[in-house]
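What follows is each chain in one-letter form.
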Amino acid sequence: QVQLVESGGGLVQAGGSLRLSCAASGRTFSSYTMGWFRQAPGKEREFVAGINWSGGSTLYADSVKGRFTISRDNAKNTVYLQMNSLKPEDTAVYYCAGGRTGRSELGDESRYNYWGQGTQVTVSS
């Protein structure tokens, strides 16, 4: 079992930055693919970024490519999402997720078994 707890959300002006953190419990964190997803009001949850167990492979949604960076520190059982140049359309609840996936499945939501409770990110214009 893996338990995930997100932090770092908040209110920021357009063009600003935030860094989300996701702390994981369990001794097997380093073997899991980790991902960030988001859900805006009235919309379905969507993939944002994913990173494989070693950090050697990453994948980003086109909407965040070049602005967001996912990283992980297996010694600290933590995955991060650095968000720069934020836009109002980035406003959403952001969820951390973990699962066992292949490199080609980093963006496949169905492959993620463990989910955090979410953290709100609000970008004002």
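Okay, so let's go over this structure.

Each value, and the rule that gives it
Residues numbered from 1 in each chain as written. Predicted model: local features only at pLDDT ≥ 70, side-chain atom pairs only at ≥ 80, totals over all residues. Heavy atoms only, no water. Phe/Tyr/Trp six-rings, centres within 6.5 Å; stacked < 30°, edge-to-face > 60°. Helix = DSSP H or I, 4+ residues; strand = E, 2+ residues; numbered from the N terminus. Buried < 20%, exposed > 50% of the residue type's maximum accessible area, 1.4 Å probe, protein only. Lys NZ or Arg CZ within 6 Å of the ring centre and 35° of its normal.

**Here's the deal with the packing of aromatic side chains**
By the definition in use, this model includes five aromatic pairs. Aromatic side chains Tyr32 and Tyr114 sit 5.7 Å apart centroid to centroid with 80 degrees between the ring planes, which places their arrangement in the edge-to-face category. Residue Tyr32 is found in the loop between strand S3 (18-24) and strand S4 (33-39), and its partner Tyr114 is found in strand S10 (residues 112-115); the two are separated by 82 residues along the sequence. With a relative accessible area of 7%, Tyr32 lands in the buried category. With 5.1 Å between their ring centres and 80 degrees between their planes, Phe37 and Tyr112 make a pair best called edge-to-face. Residue Phe37 is found in strand S4, and its partner Tyr112 is found in strand S10; the two are separated by 75 residues along the sequence. By relative accessible area, which is 0% here, Phe37 ends up buried. Directly above the aromatic system of Phe29 lies the positively charged group of Arg72, at a separation of 4.6 Å from the ring centroid. Lying across the ring of Tyr32, Arg100 places its NZ or CZ 4.3 Å from the centre.

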